Amino acid sequence: MSVLLTSRAWVGNVDEEVRLGALRLPQIVPGGDGYYFPYQYDKGSDHEGHTGAKATLVRGDAALIISIIRGPQGRDPGADVVALMKLIGPKLTVAASPPSPSPAKGD
């Protein structure tokens, strides 16, 4: 498994990935959007017979990416990356990308 938090996010990528077949993440953090996709390794791969999954959550300039490279047999890695994202996504993305300041009253 790998977890990556970056400050170089691009929100347009979420819609493009969903258009290409990824599944949209449920609402995890206010102002956040994301996607995930499970995959199966091809014949001849070192991981043949196993599955993996990747989830990306974007909020502001921050992106959190969780990858399960080789999920255990009998488990759904797509469900696992979504569950992990729900668990750690709110703490990491909110801390990495605080909301923009509200305009002062009277402005």
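These figures come from a predicted structure and were not determined experimentally.

Participant: What is the right way to look at the confidence of the model for the protein in this model?
Facilitator: Close reading of the predicted structure is inappropriate where its pLDDT is low. On average, residues of the protein carry a pLDDT of 84, and 85% of them reach 70 or more. Per-element mean pLDDT across the protein ranges from 88 in helix α1 (residues 12-19) up to 96 in strand β2 (residues 23-24).

Participant: Sorry if this is basic, but what is going on with the packing of aromatic side chains here?
Facilitator: One pair of aromatic rings is described through two measures. These are the centre distance and the angle between the planes. A full pass over the atoms with the stated rule returns three aromatic pairs. When the ring of Y35 is compared with that of F37, the centres are 6.3 Å apart and the planes differ by 5°; the resulting orientation is stacked. For Y35, a relative accessible area of 4% corresponds to the buried category. Judged by centre distance (5.5 Å) and plane angle (85°), the rings of Y39 and Y41 are edge-to-face.

Participant: Any chance you could explain the pattern of salt bridges here in plain terms?
Facilitator: Opposite charge on two side chains allows them to pair when their charged atoms are near. A complete count under the given rule lists four salt bridges for this structure. Close ionic contact of E16 with R19 constitutes a salt bridge, the shortest N to O distance being 2.8 Å. In this pair, E16 and R19 are both assigned in helix α1, three residues apart and thus about one turn of the helix distant. Residue classification places E16 among the partly exposed residues on the basis of a relative accessible area of 34%. Among the residues examined, R19 registers a relative accessible area of 59% and is labelled exposed. Here D80 makes a salt bridge to R75, at a shortest N to O gap of 2.5 Å. When its relative accessible area of 16% is taken as the criterion, D80 is described as buried. Overlapping salt bridges, with partners in common, bring together D15, R24 and D33 in one network.

Participant: Any chance you could explain the pairing of strand β3 (residues 32-40) here in plain terms?
Facilitator: Each regular strand carries side chains that alternate between the two faces of the sheet. Looking at chain direction, β2 and β3 are connected through two bridges and run antiparallel. Counterpart to R24 in the pairing with β3 is Y35. Judged from the nine bridges that link them, β3 and strand β4 (residues 51-59) form a sheet pairing that is antiparallel. If you follow D33 over to β4, its bridge partner there is V58.

Participant: Looking at this model, I keep getting lost on the sheet that holds β4. Mind explaining?
Facilitator: In a beta sheet, neighbouring strands pair by backbone hydrogen bonds and run either parallel or antiparallel. Pairing is antiparallel in the open sheet, where five strands are placed in the order β1-β5-β4-β3-β2. Each edge of the sheet is formed by a strand with only one pairing partner; in this case those strands are β1 (2-6) and β2. Inspection of the sheet shows β1 paired to strand β5 (residues 62-68) by five bridges, in the antiparallel sense. Looking at the pairing, L5 lines up with L64 of β5.

Quick notes on the rules
Residues numbered from 1 in each chain as written. Predicted model: local features only at pLDDT ≥ 70, side-chain atom pairs only at ≥ 80, totals over all residues. Heavy atoms only, no water. pLDDT = per-residue confidence, 0-100. Helix = DSSP H or I, 4+ residues; strand = E, 2+ residues; numbered from the N terminus. Phe/Tyr/Trp six-rings, centres within 6.5 Å; stacked < 30°, edge-to-face > 60°. Buried < 20%, exposed > 50% of the residue type's maximum accessible area, 1.4 Å probe, protein only. Salt bridge = Lys/Arg side-chain N within 4 Å of Asp/Glu carboxyl O. Pairing = 2+ DSSP bridges.

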